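Now for the letters of each chain:
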Amino acid sequence: MLSSIRQNWFSNTRGDVLSALVVALALIPEAIAFSIIAGVDPKVGLYASFCIAVITAFAGGRPAMISAATGAMALLMITLVREHGLEYLLAATLLTGVLQIAFGLCKLGELMRFVSRSVVTGFVNALAILIFMAQLPELTGEHGTTLVYGMTALGLAIIYLFPYVTKTIPSPLVCIVVLTAIAVYFGLDIRNVADMGELPDSLPIFLWPDVPLNIDTLVIIFPYALALAIVGLLESLMTATIVDDLTDTSSNKNRECVGQGVANIGSGLLGGMAGCAMIGQSVINVKSGGRTRLSTLLAGVFLLIFIVFLSDYVGMIPMAALVAIMIMVSIGTFSWASVKDLQKHPKSSSVVMIATVLVVVFTHNLAYGVLVGVLLSALFFANKVGQILAITAELSADGHQRTYRVVGQVFFTSAEQFIASFDFKEAIEKVQIDVSRAHFWDITAISSLDKVVLKFRREGTEVELLGLNAASATLVDKFAVHNRPDAIEKLMGH
C-alpha cells in the first residue's frame, strides 16, 4: 500500500507542485467565465472547481487529469438557472452526481470501447478549436488593442522559447509572472483577472439546496441532471483517453465515472455547479510536468488559496498571459497529423473525424458531436463488414443437387445480398447450404435464412443446412421458423 501511495502521489513532487500552480492560475478566469455563461455568481464556478479538483484527486480513475467547472456543462445550465434559479441548479448538480455514480457502478465506462479513434481525434480537434475561439473576445473588439496583441505575443514567445533555457520551471508559469510584472511595473491599461468578476473572500460552506423535496422538483431537474451527467462523463472519459495517450499510462474509466459523481455531489453541497474533466487544463498540467494525483489535489488547493487569500495579487494577472497559455493549449491539443492523414486514411475515417469536429464546433455540445461520430462509425463499419460476404454455387455431376457455400458475415446490412445470391427458380431436386465458414449475427440474418429455405421448399426443392456454428445455431433454434409446419403458409401470406 505504501508503495502504491508513493507511486500515485509522491513520485513526481516538484513537477506536480509547479504544474498545479500554473493550472490553478489558469482555472480562475475560466471558472469565472463559465459561471457568467451559466448565469450564476463567479464564486459558484470557483468553489465548484476547487471542490471537484480535490475530490477527483482521491476518487477519480485518472491521475494528473484536471476536473472543474467547464463551458460544456455551463451551456446546459442556462435555461435551468434562468427559469428556476440557483437553488434548483444545486439540486440538479446533486442528482447529476448520483446518476454518474450509478453509471459508473453499471460499468458504463466500458462503452468507451465503442468510440473509434476517428471520433476521439475529431473530439480533440473540436475542443482545440473551441478553446481558441474562447480566447477571441480578449483579442477582438474593445479589448483587442495593439498592447494586448504585443503582450500575448510576448507570452507565447516565453512559453515556447523558455524551455530552451531550462525545463526546471514550467514556461507557462514564467509567462504569468513576467507579464504580470510588466503590466504592474508600467501600469499598463489592459484587462486583468480582477476585471472578469469579483473573487470570493471566504471559504465555501455547506449548503443544502432550498427546494421542495417532491416529484415536481424531480420533474424539473431530472432532464438537466441527465444531460449534465452524460455530457460530463463523455468529456471526462474522452479526456482520460487523451491523457492516457499523452502519459503512456492507463486509467480506470468506471472509477472515473464514480469519482466524477462523488465530486459533483460534493460541489453541489458546497454551493458549486456541476463540472467534469477539462481537456485544456489537463493538457496544461501534463505539459507542465504534472503526473500524479498530487498535481490534481494541489491545483484545487492552490485555486482556493489564490481566490480567498491572494485575490488582490491574482487580480493583477493580465488576461493576455492566460490567453497566451490557452492558445498554447489549443495548438498543442489539435492533432495536426490528422490533417495530413486525411489523404492517407480511409475516406470513412476522415468523414467521421470531420463530422465530429463540425457538430461540436457549431453546436458547442460535445455529446452531439460524439453521438454523430459514433453513429457514423457504426454505419461505416456495418457497411464494410456487410460487404465481406461471398456465396459460391456448385452443381453435382448428376445435375440433381446444387451446393451453395457461404463465406462471411450475415446480419442486417448483408441480409438482402445473402437472399439475392440464390437461384430459387432453378429446377433442382436438392440444395445444400454450407455455412461452416459463415456467421449469423442477428434476427435479420435468421429471417433471411428462413426466406431462403422456405422459398426453395415452396418450389419443391429439398434443403439441407450444413456446418452451422454453435453461436449461429443458438439463434436459429430460438428465432428461426423454417422448420415449423405452417412456415410456408406464413411466408406465402406475406
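In case you missed it, the structure is sitting above this.
Below is a summary of the structure that appears in this document. Each residue is numbered by its place in its chain's sequence as written, counting from 1. Totals for whole chains, interfaces and linings use every residue, but because this is a predicted model, local features are given only for residues with pLDDT of at least 70 and side-chain atom pairs only at 80 or more, for both listing and counting. Heavy atoms from the whole structure form the basis of all side-chain values; hydrogens and water molecules are not counted.

What about the overall build of the protein chain?
- Secondary structure elements follow DSSP: runs of H or I of four or more residues count as helices, runs of E of two or more count as strands, with numbering from the N terminus. Of the regular secondary structure elements, the protein chain holds 21 helices and six strands.
- The size measure is the radius of gyration over C-alpha atoms, and the globule rule it meets is 2.2 Å times the number of residues to the 0.38 power. Relative to the 2.2 N^0.38 estimate, which gives 23 Å for 494 residues, the radius of gyration of the protein chain is 29 Å and therefore markedly larger than a compact globule would have.
- For the C-alpha atoms alone, the extent of the protein chain along its principal axes is close to 100 × 55 × 55 Å.
- Taking all 494 residues of the protein chain together, the buried fraction comes to 53%.
- Any two residues whose heavy atoms approach within 4.5 Å are treated as being in contact. The long-range fraction of contacts in the protein chain, counting pairs at least 24 apart against all pairs at least 6 apart in sequence, stands at 84%.
- Counting every atom, the protein chain has about 22,700 Å² of accessible surface; 64% of that belongs to carbon and sulfur.
- We score Asp and Glu as negative and Lys and Arg as positive, and we do not count His or the chain ends. Taken as the charge centre is NZ of Lys, CZ of Arg, CG of Asp or CD of Glu, depending on the residue. Seen as two clouds, the 31 positive and the 36 negative side-chain charges of the protein chain have centres 8 Å apart. Only protein chains enter the accessibility calculation, which uses a 1.4 Å probe. A residue is then buried if its area is under 20% of the maximum for its type, exposed if over 50%, and partly exposed in between. Under the convention used here, a 1.4 Å probe and the Shrake-Rupley method define accessible areas, while residue burial counts only the protein chains that appear.

Observations concerning helix H12 (residues 293-309)
- Multiplying 1.5 Å by the residue count of a helix minus one yields the expected span of that helix. Between its terminal C-alpha atoms H12 stretches 24 Å, which fits the 24 Å expected from 17 residues at 1.5 Å a residue.
- The element H12 is largely enclosed, with a buried count of 14 among its 17 residues.

Re helix H17 (residues 366-386)
- Helix length check: H17 (21 residues) gives 30 Å between terminal C-alpha atoms against 30 Å at 1.5 Å per residue, within 8%.
- Of the residues making up H17, those classed as buried are Leu366, Ala367, Gly369, Val370, Gly373, Ser377, Ala382, Val385 and Gly386.

Structural notes on the side chain of Arg62
- Considering the arrangement of structural elements, one finds Arg62 in the loop between helix H3 (42-59) and strand S1 (67-68).
- Between N or O atoms, a polar contact is any pair within 3.5 Å; within protein, one atom must be a potential hydrogen donor and the other a potential acceptor, and residues adjacent in sequence are included only when both atoms are from side chains. In this structure the side chain of Arg62 is engaged in a polar contact, spanning 2.6 Å, whose partner is the side chain of Asp244.
- Apart from the residues within four sequence positions on either side, Arg62 is in contact with Ala240, Val243, Asp244, Thr247, Thr249, Ser250, Ser251, Glu256 and Arg293.

Regarding the pairing of strand S4 (residues 401-410)
- Paired strands, in this sense, are two strands between which DSSP finds at least two bridges. By the bridge criterion, seven bridges tie strand S3 (residues 389-395) to S4 in an arrangement that is antiparallel. Directly across from Ala393, in S4, lies its bridge partner Tyr404.
- Hairpin connection between S3 and S4: a loop of five residues separates the two successive antiparallel strands, and Gly399 in this loop has a positive phi of roughly 75°.
- Of the pairings in the sheet, the one linking S4 to strand S5 (residues 430-440) comprises nine bridges and is parallel in character.

Quick word on the pairing of S5
- With eight of 11 residues buried, S5 lies mostly within the body of the structure.
- Whether a crossover is right-handed depends on one test, that the path from the first strand over the helix to the second runs clockwise when the strands point away from the viewer. One crossover worth recording links S5 to the parallel strand S6 (residues 462-466) by way of helix H19 (residues 443-458), and it is right-handed.

Some points on the sheet that holds S5
- Taken in spatial order, the four strands line up as S3-S4-S5-S6 in an open sheet, and their pairing is mixed. A single partner strand is all that each edge strand has here, and the edge strands are S3 and S6. The mean inter-strand angle of the sheet, taken between neighbouring strand axes irrespective of direction, is 15°. Lines fitted to C-alpha atoms define the axes, with helix axes restricted to the stretch in contact, and inter-axis angles between N-to-C directions lie between 0 and 180 degrees.

Quick word on the environment of Ile388
- Inspection of the secondary structure assignment puts Ile388 in the loop between H17 and S3.
- Put simply, Ile388 and Val410 are 22 residues apart on the chain and 8.8 Å apart in space, counted from C-alpha to C-alpha.
- Among all residues touching Ile388, those that are not within four sequence positions of it are Val407, Gly408 and Gln409.

As for the layout of surface pockets
- In this analysis, the protein atoms alone were mapped onto a 1 Å grid. Cavities are point sets where a 1.4 Å probe fits without being able to get out; pockets are open sets with protein on both sides within 12 Å along at least five of seven lines; lining residues have an atom within 4 Å of a point. Grid points are joined across faces, edges and corners, and a volume is the space filled by probe spheres set on the points. Considering only enclosed or pocket space, the largest pocket measures out at about 820 Å³ in volume.
- Around the largest pocket, the lining comprises 32 residues; the ones closest to its centre are Phe34, Ile37, Gly71, Leu130 and Ala134.
- Elements that contribute at least two residues to the lining of the largest pocket include exactly helix H2 (13-38), helix H4 (71-84), helix H6 (117-139), helix H11 (279-287) and helix H14 (319-333).
- Broken down by element, the lining of the largest pocket gets its largest block of residues, eight residues, from H6.
- For the second largest pocket, the lining is made up of 16 residues, of which Leu108, Leu111, Ile230, Leu234 and Leu237 are closest to its centre.
- Only helix H9 (215-247) and H17 provide two or more residues apiece to the lining of the second largest pocket.
- For the lining of the second largest pocket, the element with the most residues is H9, which contributes five residues.
- Any residue outside Ala, Val, Leu, Ile, Met, Phe, Trp, Tyr, Cys, Pro, Asp, Glu, Lys and Arg is labelled polar, Gly included; the first ten of those are nonpolar and the last four are charged. Of the residues that constitute the lining of the second largest pocket, the class distribution is 15 nonpolar, one polar and no charged.

Details of empty space enclosed by the protein
- Applying the stated criterion across every chain yields a total of one cavity of 30 Å³ or more.
- Around the largest cavity, the lining residues are Thr56, Ala57, Arg62, Pro63, Ala64, Met65, Ser67, Glu256, Arg293 and Thr296.
- Looking at the lining of the largest cavity, the elements that each hand over two or more residues are H3 and H12.
- The class makeup of the residues in the lining of the largest cavity is four nonpolar, three polar and three charged.

So, the environment of Val314
- Within the fold, Val314 resides in helix H13 (residues 311-314).
- Val314 sits in the buried class, given a relative accessible area of 5%.
- In this structure, the C-alpha to C-alpha distance between Val314 and Leu218, residues 96 residues apart in sequence, is 40 Å.

Considerations on unusual backbone geometry
- In this model, Ala64 sits at a positive phi of 75°, which is unusual for a non-glycine residue.
- The phi angle at Asp248 is positive, at roughly 55°, despite the residue not being glycine.
- Assignment of secondary structure puts Asp248 in the loop between H9 and helix H10 (253-269).

Regarding the packing of helix H8 (residues 171-186) against H14
- Between H8 and H14, the least distance of the axes is 9 Å, while the angle of their chain directions is 160°. Compared by their axis directions, H8 and H14 come out roughly antiparallel. In this structure, H8 meets H14 at a crossing whose hand is right-handed. Contacts from Pro172, Cys175, Ile176 and Leu179 in H8 reach Ala320, Ala321, Leu322, Ala324, Ile325 and Met328 in H14.
- Each residue belonging to the contact of H8 with H14 can be placed in one class, and the counts come to 10 nonpolar, no polar and no charged. Geometric relationships in this document are graded by angle, where less than 35 degrees denotes roughly parallel, more than 145 denotes roughly antiparallel, 65 to 115 denotes roughly perpendicular, and other angles denote oblique. The handedness criterion is simple: a crossing whose near helix is rotated anticlockwise from the far helix by less than a right angle is left-handed, and one whose near helix is rotated clockwise is right-handed.

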